[in-house]
Amino acid sequence: MAGGGFAAAGGGSARDYGGGITFSVVVTSLMAASCGLIFGYDSGVTGGVTQMESFLSKFFPEVLRGMKSARRDAYCKYDNQWLTAFSSSLFIAGTLSSLVASRVARAVGRQAIMLLGGAMFLTGSIINAAAVNIAMLIIGRMLLGFGLGFTLQSAPVYLSETAPARWRGAFTSAYNAFVVIGILSATITNYFTNRIPGWGWRVSLGLAAVPGTIIVAGSLFIPDTPSSLVLRGHHDRARAALQRIRGAGADVDAELKDIVRAVDEARQNEAGAFRRLFSRRYRHCLAVGLGIPVFYEFTGMIVISIFSPVLFRTVGFNSQKAILGSVINSMTNLASTLLSTSVMDRTGRRPLFIVGGVGMMLCEVAISWIMADHLGKHQGVTMPRSYATGVLVLICLCTFSFGLSWAPLRWVVPSEIYPVEVRSAGQALSISVALCLSFVELQVFIALLCAMKYGVFLFYAGWLLTMTIFVAAFLPETKGMPIEAMRSVWERHWYWKRFVNDGDHHDGRVVADEGTD
């Protein structure tokens, strides 16, 4: 098993290489984490634009006419497949590009993948801002999706491979902090551009070029990760990069030796990484690495994040107040994300997952109850203002629970659990499955809201109960463990230990000397 040199023979403890948080590792990690800006900005801007009357009158006039119809079902105001295709098409493109990116990353490195992703996102934003028909919108969205898939595949792994083990949770969760900053920036932009008649939506979509430019410029000034450099045969550059990010007091030679050992084994097993992911030897990594992004999609928060202005319009707010509600929700998300980043490496991953899951579940049940009792009743198409405000508060509380737990941890855990020989493939599979589910979910959510009405939130609450039980039973605690030492974490887990040991014997090798240097 790659990285076994970290596991002590007796207790499975991990080596501390020394060193601290250096200026270089902070700057490098912040540049990589800023890839989250493009995901966040797009998520935040899309929901606001899709309810702007200037945008709807240009591309979807039938939706605008339906909104103004007194006989229109309150839950069905935005039920239009072309409108949802505008939101969801990005994710199907991201699914395809993330799979391609995993193979390209092995040849050119993670830094180059981030650069390519930023360039494609920048191009897509320009096409969207200049769109004159739906075809241009979709083409622009597809380019945005290609850029998103590349950066999603590379940035979290870049962070996990670069960050010191002791603070890896905080460093990797910085990606999600930038996602939230992007969402907040987009919702504030929408708040002001919504007042511009006719072409305000072009400003909102066009300003996506700003985070795209930041990614392109930033990627030019950061080095590749030591693991990626060793994987491509650049040992001297890898040592120099490691010395720069770890500082003078770190045992760089020991860490590089363990990285080289892990990469050498990765080369021996280089062929068929995707196929081997499904073998018994990696079943524990695959179950958790896929379980977390799948469950993440069924928290319901991706649709709340993107469609929050639509939800606020649905319960009775006007366009400007709906976007203001999204700004408040985004600020709540940022506050909870920063709190999570500061406590994650002290409390651990599992407690945050469990607390956040229970909090979201209770909030979504309450939202469903209020909407069942007060939306569309008494010949009205909206609900009383006090109850609409209650929905806003509950969505903010739900977002706070999400930002504290699943939002940052969804990027942290899958990026740190795979051994190096299947890390790119595992990350690519995790990202592609998540983006594919996002595509399906965004494409059907408005139709589900129309068909299931308030029951759609009970649907998500049921999934939250299931995923909280899964985390409590099957997720090992990974805080503070060097990324190449994850074997010892799995060996101590009550269920997954059977797959780790049996997998080694099944491969015809008994890893007996991994506790020694």
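Predicted, not measured: the structure shown is a model, and the values here were computed from it. (Residues numbered from 1 in each chain as written. Predicted model: local features only at pLDDT ≥ 70, side-chain atom pairs only at ≥ 80, totals over all residues. Heavy atoms only, no water.)

(A) The pattern of salt bridges, seen in detail. In this structure the tally under the stated criterion is 10 salt bridges. Between D253 and R239 there is a salt bridge; the shortest N-O distance is 2.9 Å. Taken together, the positions of D253 in helix 13 (residues 252–268) and R239 in helix 12 (residues 235–246) put the pair 14 residues apart, joining distant regions of the chain. Look at R239 and you get partly exposed, because its relative accessible area is 33%. Of the charged contacts in the structure, one is a salt bridge between R349 and D345, with a shortest N-O distance of 3.0 Å. (Salt bridge = Lys/Arg side-chain N within 4 Å of Asp/Glu carboxyl O. Helix = DSSP H or I, 4+ residues; strand = E, 2+ residues; numbered from the N terminus. Buried < 20%, exposed > 50% of the residue type's maximum accessible area, 1.4 Å probe, protein only.)

(B) Layout of the packing of helix 18 (residues 349–374) against helix 19 (residues 385–404). Remark: helix 18 packs on helix 19, axes separated minimally by 8 Å, with the N-to-C direction vectors making an angle of 165°. What the angle tells us is that helix 18 and helix 19 run roughly antiparallel. Every pair of crossing elements has a handedness; the one defined by helix 18 and helix 19 is left-handed. Where helix 18 approaches helix 19, its residues L352, G356, G359, M360, C363, E364, A366, I367, I370 and H374 are matched on the opposing element by Y387, V391, L394, I395, L397, C398, S401, F402 and L404. (Axes fitted to C-alpha atoms, helices over the stretch in contact; angles between N-to-C directions. Parallel < 35°, antiparallel > 145°, perpendicular 65-115°, else oblique. Left-handed = near helix turned anticlockwise from the far one by under 90°. Contact = heavy atoms within 4.5 Å.)

(C) Broad picture of the nonpolar core. F55, Y175 and W406 are the most contacted members of the largest nonpolar core, which totals 115 residues. For this core, the element with the most residues is helix 19, which contributes nine residues. No fewer than three residues from each of domain 1 (20–222) and domain 2 (281–502) sit in this core. Contact partners of W406, with chain neighbours within four places excluded, come to I292, F295, Y296, T299, F353, G357, M360, M467 and V471. Within the second largest apolar cluster, 18 residues are counted, among which are V25, L229, A238 and A241. (Core = buried A, V, L, I, M, F, W, Y, C linked by side-chain atoms within 4.5 Å. Domains from an automatic or database assignment.)

(D) Here's a closer look at the side chain of S98. Inspection of the secondary structure assignment puts S98 in helix 5 (residues 81–108). The exposure class assigned to S98 is buried, which follows from its relative accessible area of 0%. A distance of 2.9 Å separates a polar side-chain atom of S98 from the backbone oxygen of T95. For S98, the residues in contact, after removing those within four places along its chain, are G149, Q153, A428, I431 and S432. (Polar contact = N/O pair within 3.5 Å; in protein donor to acceptor, adjacent residues only side chain to side chain.)

(E) Main features of the confidence of the model for the chain. Of all residues in the chain, 87% attain a pLDDT of 70 or more, and the chain-wide mean is 81. Here helix 24 (residues 497–506) stands out as the element of the chain with the lowest mean pLDDT, 65, in contrast to helix 9 (residues 200–206), whose mean of 93 is the highest. Across residues 1–14, where pLDDT falls below 50, the model places 50 contacts with residues more than four positions away in sequence or in other chains. Across residues 505–517, where pLDDT falls below 50, the model places 26 contacts with residues more than four positions away in sequence or in other chains. (pLDDT = per-residue confidence, 0-100.)

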